[in-house]
Amino acid sequence: MEIVSPTVIIFLGCIAFLLLLQWKNLRGPPCIGGWIPWIGAGFEFGKAPLEFIEKARIKYGPIFTVFAVGTRMTFVTEEEGIDVFLNSKRVNFELAVQNLMYRVASVPKNIYLTLHEKLYIMMKGKMRTFNLYQFHEQLTEELHEQLKNLGTHGTMDLNHFVRHLLYPATMNTLFKKDFFPTNKSKIMEFCQHFETYDKGFERGSQMPECLLRNWSKSKKWLLALFEENIPDIKSYTAGKDNSMTLMQGVLDIIKMETNEQKSPNYGLLLLWASLSNVVPVAVWTLAFVLSHPDIHKTVMEDISSVFGSPGKDKIKVSEDDLKKLLLIKWCVLEAIRLRAPGVITRKVVKPVKILNYTVPSGDLLMLSPFWLHRNPKYFPEPESFKPERWKKANLEKHAFLDSFLAFGSGKYQCPGRWFALLEIQICVILTLYKYDCTLLDSLPKQSFLHLVGVQQPEGQCRIEYKQRK
Ligand code: HEM
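Every value quoted in this text rests on a predicted model; they were computed, and no experiment measured them. (Residues numbered from 1 in each chain as written. Predicted model: local features only at pLDDT ≥ 70, side-chain atom pairs only at ≥ 80, totals over all residues.)

Visitor: Could you clarify how one ought to interpret the UniProt feature "transmembrane region" (unreviewed entry) in the protein in this entry?
Guide: Using the residue numbers shown here, the UniProt feature "transmembrane region" (unreviewed entry) corresponds to residues 6–23 and 266–290. This span, residues 266–290, is 92% helix and 0% strand, and a straight line between its end C-alpha atoms measures 37 Å. (UniProt positions renumbered as here; feature names shortened; annotations may be inferred. Helix = DSSP H or I, 4+ residues; strand = E, 2+ residues; numbered from the N terminus.)

Visitor: Honestly, the site of the ligand in this entry has me stumped. Any pointers?
Guide: Taken together, 25 residues lie around the ligand, and N277, G408, Y412, C414 and G416 are the ones closest in. Listed by contribution, the elements that provide at least two residues to the shell around the ligand are α6 (109–126), α13 (264–275), α14 (278–290) and α19 (417–434). When the residues that make up the shell around the ligand are grouped by side-chain class, the tally is 18 nonpolar, seven polar and no charged. (Near = placed C-beta within 6 Å. Nonpolar A, V, L, I, M, F, W, Y, C, P; charged D, E, K, R; others polar.)

Visitor: Looking at this structure, how should I read the UniProt feature "binding site: substrate" (unreviewed entry) in the protein?
Guide: Taking the UniProt record as the reference, the feature "binding site: substrate" (unreviewed entry) is found at R103 and N277. Of note, R103 is situated in helix α5 (residues 93–105). On the basis of neighbour count, R103 is assigned to the partly exposed category, with 19 C-beta atoms found within 10 Å. In this structure, R103 is in contact with G204 and S205, ignoring residues within four places of it in sequence. Taking the C-beta count within 10 Å as the criterion, N277 has 24 such neighbours and is therefore assigned buried. Other than its neighbours up to four places away in sequence, N277 contacts A420, G453 and V454. (Buried ≥ 20, exposed ≤ 12 C-beta atoms within 10 Å, placed from the backbone. Contact = placed C-beta atoms within 7 Å.)

Visitor: I would appreciate a short explanation of helix α12 (residues 246–258) in the present structure.
Guide: Owing to its 3.6 residues per turn, the α-helix brings residues three or four apart onto one side. An ideal rise of 1.5 Å per residue puts 18 Å on 13 residues; α12 measures up with 18 Å between its terminal C-alpha atoms. L246, M247, V250, L251 and I254 are the residues of α12 that are buried. The arc enclosing the buried residues of α12, seen along the axis, measures out at 135 degrees, which places them on a common side. Those residues of α12 that are buried are in contact with α6, α8 (158–174), α11 (213–235) and α13. Downstream of α12 by a residue or two, N259 has a phi angle that is positive, lying close to 65 degrees. (Expected span 1.5 Å × (residues − 1). Arc of directions from axis to C-beta.)

Structure follows, in structure tokens:
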């Protein structure tokens, strides 16, 4: 028998060592699939996605991949992965969402990529903090008008109550005055279609439209609404200073870049982006405040100290007033923290190292603000509604608390965040100034079904309101 020389053994040993190193470097994170090809973990994941993510983190550690319906989603849950998600040039926002844009609003992928940056810069500019004064007056006027329609007292589902206030206020401010229908049957038709569209948004972003008949019908109805109204939106002359509405700014860029005259798709996207999160957050804020007697009492004292005794017809809410009503802003932010979006996403465009793994290009990198906000390392007593934790945030300098990612972060952080906060604050202030409010049911449960956007309330929660004397 021939004896292998020590040189050969050392040589083979070195090769094995190098291969091991390479394997370690190229090794992907633990992957949760399933035995059905392509579907993978799709059924389990689809049943309760948020719970699935947390169970997987406990079982597999801070980074893991879920393979579902032909897509690899790699979740990052701790510092190193979060830092890559937010700052690496190897991950990309636009490529992660272009399919979704096509499915939910029929925006062609090439058009989306051509227009995205320009539209984003315009929206961010129009809604940045020092431009917010432009919205104060109209938002307040619109909300007063809707509060008047609610009469002196009543009982309503809290969701309906908030929709009644915020649908018209948002649409008439961001698209054009009187864009929201005023005729009762038209309002009902709009609400029914928007709510069907909003409810099915997540499914619509994943499945072919032909499998979602009702959703598709409502999507088409909303697109037709924009098609019909775009000429009026274009020719509308806004405020005294002739400034354009946000939607007019969008249409202007589309026309300049593509020569397209009608773009109902972007109208639908803006409609969804501006309503789908704001409405549930306003519901949660009112629900949290009304179900915490101490906080409710202090909020009412603050409102009285700024606006005096109730009864005046139409109070104006200035920037200075908002500064004095800091607790209300903290309550809004705390409601957003607790009901934050299920995930935000980026596409990996070049393999990227996180911890001891390499995440391959093509993966969707996923981060869950919802679970991040429940990590006691970042937010002590994470499940408690504690508005005072926001005392530490430098809100004067427009900074949130570290690790608060409900509006995303980085280059494409939500451009509507300051507008959203303003709108919800004014809505809560005017409601509580005008009415004594009580919840007739306990705080609603949150549905664990939402990955896109904030968590919706589940089940009934009625509000009783009586004009204050
Ligand atoms: C509480 C309310 C809101 C929440 C929680 C929220 C959250 C978010 C999040 C998480 C993103 C993705 C950011 C990322 O991936 O880094 C986003 C994007 C966006 N949001 Fe908001 N948002 C809210 C209100 C609004 C409002 C009121 C508007 C419009 C007036 C708006 C317009 C948009 C737009 C246009 C984008 C896409 C940005 C892009 O394409 O780059 N959002 N929002």
